[in-house]
Amino acid sequence: MKILFVSLGCDKNLVDSEVMLGLLRDRGHEITNDEAQAEIIVVNTCSFIHDAREESVQTVLEMAELKKNGVCRLLIVSGCLAEKYRDEILEELPEVDAVVGPTAYDTICEVIDKSLEGERVQSFESADRLPLVKTRRVLTTGGYSSYLKISEGCDKHCTYCIIPKLRGNYRSVPMDYVLEDARNLAASGVKEINIVAQETTTWGKDIYGEKRLHVLLKELCKVEGIQWIRLLYCYPEEITDELIEVIRTEPKICHYLDMPIQHSSDAILKRMGRRTSRGELETVIGKLRRSIPDITLRTTLITGFPGETESDHADLKSFIQKMEFDRLGVFTYSPEEGTPAERMEGQITEELKSSRRDELMLLQQHVSAKKTAAMVGRTLEVLVEGRIPEEGVYVGRTYRDAPEVDGYIFLNAEEEIISGDFVTVKVTGADEYDLTGDVIYEFTE
């Protein structure tokens, strides 16, 4: 049958969607992007924060309307929203034929079979189950860049986060599964893999009794065809000397680290249930920059957390100015049902949250402009992602830019370039977030 798949939320969710697409393809179903032709619609939802939940609900409602007026026979809701509201979805939306939890996505084919027989299906497993599937994923990210999920769940239990309740405690994907996935990606033409998980840095601890991300990275570097390996979601307190050394010495690993820290004020970090202090954050950042001078550091912050004072906000502003992160994003705190932070005193108005976020982002804009200006004159390797015909330029990313969340470099080239090619570029200009450059050609007599 023709199946339309809508994947919402994070890149970890996207990997789950691609696995489900692979299972459906292997079963003989046809994947379509045409809503008018879709006989089955699957919406893989997110429920991490309020805005993501609203987007998921709205998308399900739109697909339900499509089912009522089109050729669609089945509407299936999977992912975190399905986990959190499994009964409510079936009770309030008669158009939905099945709900599938985030640890049961490997049952999607059986769910469809039962639904086609007229059964309204709920497919859920323990939050601590780890689906292990060796099917080749159907890539949805352009063919040359992809995400590689190495674990599921989280043990941190930060006071604002619902993930451990929805996706369980931390479980590492065994190395042989990770490596087979990476080899399949390379065989499909992928050149860049982005390592993702709720937290990547404790990979292997539940299997081997110790953190072995550095060992896994060395094995991934042996996969032929992969040219860039990028690390995302590295908690600062779990970054080891061994990990720093493998990033420094392995040529395939981008000198880039995504390190979510959420805040700098010791009082707020404690209320968040985080396991670092400002001093410890400054120490690990200093160590990374001394060991890998050209490393690009990305982080995310939460502003407006319950009890955040003007003094806490000032601390965060001074931290941004002192640390000078290459990449930084700021989210306003979103109270999530069932979390300790939702019940805390000192909840802050949405207006003040937004005001503080804008202040922080303006500070970071100045930092970012300084950082990009320093790149002018440098020669960098660039992964080309496409061409903008109306402007006559190509667009790509350097090692400093993770897909979808960071900046771009816009290229002038004398010859045609294929998306997915790596080219050498001299940086000629910069604004607050993006670069411009010229492709360098080496001619030999």
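A large share of strand E13 (residues 296–303) lies buried, amounting to 8 of its 8 residues. The pairing of strand E12 (residues 253–258) with E13 spans 3 bridges and is parallel. By the bridge assignment for E13, tyrosine 256 is matched with threonine 296. Here E13 pairs with strand E14 (residues 327–332) via 6 bridges, running parallel. Bridged to threonine 300 within E14 is glycine 329. Regarding topology, helix H13 (residues 310–323) serves as the crossover connection from E13 to the parallel E14, and that connection is right-handed.

Glancing now at a negative patch on the surface. A surface patch of negative charge is lined by Asp87, Glu88, Glu91, Glu92, Glu337 and Glu342. Under the relative-accessibility criterion, glutamate 337 is labelled partly exposed at 47%.

Now for the pairing of strand E3 (residues 40–45). Across the 6 residues that make up E3, a large majority, 6, are buried. Where burial is concerned, the two faces of E3 agree: the one with Ile40, Val42 and Asn44 and the one with Ile41, Val43 and Thr45 are both buried. Bridge count for strand E1 (residues 2–7) against E3 is 5 bridges, and the pairing is parallel. Bridging from a neighbouring strand, leucine 4 pairs with isoleucine 41 of E3.

The next thing to look at is the packing of helix H9 (residues 213–220) against helix H10 (residues 241–249). For the pair H9 and H10, interaxial distance at closest approach is 8 Å and the crossing angle is 20 degrees. When the interaxial angle is binned, H9 and H10 end up roughly parallel. Between H9 and H10 lies a crossing of left-handed hand. Contacts between H9 and H10 involve Leu213, His214, Leu217 and Lys218 from the first element and Glu242, Leu243 and Val246 from the second. For the contact of H9 with H10, the residue count by class is 4 nonpolar, 1 polar and 2 charged.

What follows deals with the side chain of threonine 135. Structurally, threonine 135 is set in the loop between strand E6 (121–123) and strand E7 (145–149). On the basis of relative accessible area, threonine 135 is assigned to the buried category, the value being 16%. Within the structure, threonine 135 has its side chain in polar contact with the side chain of aspartate 26 (distance 2.4 Å). With residues near it in sequence (within four places) discarded, threonine 135 still touches Val19, Gly22, Leu23, Arg25 and Asp26.

To continue, consider unusual backbone geometry. For glutamine 262, which is not a glycine, the phi torsion comes out positive at approximately 75 degrees. Relative to the elements of secondary structure, glutamine 262 occurs in the loop between E12 and helix H11 (266–272). Located in the positive-phi region is glutamate 404, a residue other than glycine, with phi close to 75 degrees. Mapped onto the elements of the fold, glutamate 404 is located in the loop between strand E16 (393–397) and strand E17 (409–412). Since its relative accessible area comes to 65%, glutamate 404 is described here as exposed.

The next point concerns the environment of serine 145. The residue serine 145 is located in strand E7 in this model. Since its relative accessible area comes to 5%, serine 145 is described here as buried. For the pair serine 145 and tyrosine 441, spaced 296 residues apart in sequence, the C-alpha separation works out to 24 Å. Ignoring any residue separated from it by four or fewer positions in sequence, one finds serine 145 in contact with Val190, Glu192, Asn194, Arg397 and Pro403. Of the polar contacts made by the side chain of serine 145, one reaches the side chain of glutamate 192; its length is 2.6 Å. There is a polar contact of 3.4 Å between the side chain of serine 145 and the side chain of asparagine 194.

Counting 52 residues, the largest nonpolar core has Leu217 and Leu220 as the members making the most contacts within it. Apart from the residues lying within four places of it in its own chain, the contact partners of leucine 217 are Ile195, Ile229, Leu231, Leu243, Val246 and Ile253. The next biggest cluster of nonpolar side chains, apart from the first, holds 26 residues, and it includes Leu14, Leu380, Tyr394 and Val423.

Rules behind the numbers
- Residues numbered from 1 in each chain as written.
- Predicted model: local features only at pLDDT ≥ 70, side-chain atom pairs only at ≥ 80, totals over all residues.
- Heavy atoms only, no water.
- Buried < 20%, exposed > 50% of the residue type's maximum accessible area, 1.4 Å probe, protein only.
- Helix = DSSP H or I, 4+ residues; strand = E, 2+ residues; numbered from the N terminus.
- Pairing = 2+ DSSP bridges.
- Right-handed = clockwise from strand over helix to strand, strands pointing away.
- Patch = residues over 30% accessible without salt bridge, like charges linked within 9 Å, V, L, I, M, F, W, Y side chains within 5 Å.
- Areas by Shrake-Rupley, 256 points an atom, 1.4 Å probe, with all protein chains shown as cover.
- Salt bridge = Lys/Arg side-chain N within 4 Å of Asp/Glu carboxyl O.
- Lys, Arg positive; Asp, Glu negative; His and termini not counted.
- Charge placed at Lys NZ, Arg CZ, Asp CG, Glu CD.
- Axes fitted to C-alpha atoms, helices over the stretch in contact; angles between N-to-C directions.
- Parallel < 35°, antiparallel > 145°, perpendicular 65-115°, else oblique.
- Left-handed = near helix turned anticlockwise from the far one by under 90°.
- Contact = heavy atoms within 4.5 Å.
- Nonpolar A, V, L, I, M, F, W, Y, C, P; charged D, E, K, R; others polar.
- Polar contact = N/O pair within 3.5 Å; in protein donor to acceptor, adjacent residues only side chain to side chain.
- Core = buried A, V, L, I, M, F, W, Y, C linked by side-chain atoms within 4.5 Å.

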